[in-house]
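# Inside the fold
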Amino acid sequence: MTATPLTWLYVPGDRPEVVTKALASGADVVVVDLEDAVAPDRKEYARTATAERLTDPQPVPVHVRINALDGPLATPDLRSLEGLPGVSGLRLPKVTAPQDVVRVATRNPAADLPLHALLETALGIEHAFAIATAHPALHGIALGEADLRADLGVRGDAGLDWCRSRVVVAARAAGLAPPPQSVHPDIRDLDTLAASCAHGRDLGFLGRAAIHPRQLPVIERAYLPTPEEIEEAEQIVKAAATDEGAQALPDGRFIDAAVVASARRTLSLADRDRP
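Residues numbered from 1 in each chain as written. Predicted model: local features only at pLDDT ≥ 70, side-chain atom pairs only at ≥ 80, totals over all residues. Heavy atoms only, no water.

Here we take up the overall build of the protein. For the protein, the count of helices and strands is twelve helices and nine strands. Against the globule reference of 19 Å for 275 residues, the protein gives a C-alpha radius of gyration of 20 Å, in line with a compact fold. On the principal axes, the C-alpha backbone points of the protein span a range of 65 × 40 × 35 Å. When burial is assessed residue by residue, the protein has 46% of its 275 residues classed as buried. Pairs at least 24 apart in sequence give 68% of the contacts found in the protein among residues at least 6 apart. In the form shown here, the protein has an accessible surface area of approximately 13,500 Å², with 54% of it arising from carbon and sulfur atoms. The centroid of the 28 positive side-chain charges in the protein is displaced by 3 Å from the centroid of its 38 negative side-chain charges. (Helix = DSSP H or I, 4+ residues; strand = E, 2+ residues; numbered from the N terminus. Rg over C-alpha atoms; globule rule 2.2 N^0.38 Å. Buried < 20%, exposed > 50% of the residue type's maximum accessible area, 1.4 Å probe, protein only. Contact = heavy atoms within 4.5 Å. Areas by Shrake-Rupley, 256 points an atom, 1.4 Å probe, with all protein chains shown as cover. Lys, Arg positive; Asp, Glu negative; His and termini not counted. Charge placed at Lys NZ, Arg CZ, Asp CG, Glu CD.)

On to helix α12 (residues 257-270), then. An ideal rise of 1.5 Å per residue puts 20 Å on 14 residues; α12 measures up with 20 Å between its terminal C-alpha atoms. Within α12, the full set of buried residues consists of Val260, Ala263, Thr266, Leu267 and Leu269. (Expected span 1.5 Å × (residues − 1).)

With the rule as written, the count across this model stands at 17 salt bridges. The salt bridge partner of glutamate 35 is lysine 94, with a shortest N-O separation of 2.7 Å. Residue glutamate 35 is located in the loop between β2 (29-33) and α2 (43-53), and its partner lysine 94 is located in the loop between β4 (89-92) and α4 (98-107); the two are separated by 59 residues in the primary sequence. Classification of glutamate 35 as buried rests on a relative accessible area of 7%. A salt bridge links aspartate 157 to arginine 149; its shortest N-O distance comes to 3.6 Å. Among the charged side chains, a network of salt bridges with common partners joins Asp33, Glu35, Asp36, Arg65, Lys94, Glu120 and Asp147. (Salt bridge = Lys/Arg side-chain N within 4 Å of Asp/Glu carboxyl O.)

Structure below.
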């Protein structure tokens, strides 16, 4: 997998031709969706088609979002994915408690796969840190904002900012990677997507889920460091390497360990696609 995934492209599991296109889209991770994107009468077909498509290793990492853990479809979903070389991870919808993660991690046939929990309810947000630390198999947490918005009755976008920050802090406290933002549902309004990504970056997110390939370059531009940020980070790291004790940049800002660590993260992100 790319060291730092920035784009997670969701595609419906009952559309194998769309999955094939997604794998060539440039997304860092393709997420085959067996849940929300698939109509009830297409669930069995989606499961079978996904298993057939992922029998062989894929050119990019592929995660599969299974159906709700408390419903009858999750167990057959997990069984169908057992041992498939093309599956790199599982995304668990509507996780509300650490027990949800533990149950999947310890009892399912595909237990060796990395798990990612989606928090989509008020209860899931309240348990964010407990979920993030529930089991070593859990590699990440993220928001499902459409369901969360409905659960909370939130109308304005700013009403979710507290929940967003809660998830970012919980992931950091648990030692997990920064979460990606939830999807932006309007695939035509790329200006609003760019502004939303900039806001997400300010909140501490890293990358974003997408539902159309045209969203991918917008997300990448928003989350990759700018030339100015790279130059500043290089300056900070160079100053810190002089071993002359406390340092200050030409603009007067003091360089401490936290500033240096942040600069190194910036350079690592800038170098993510280099050999």
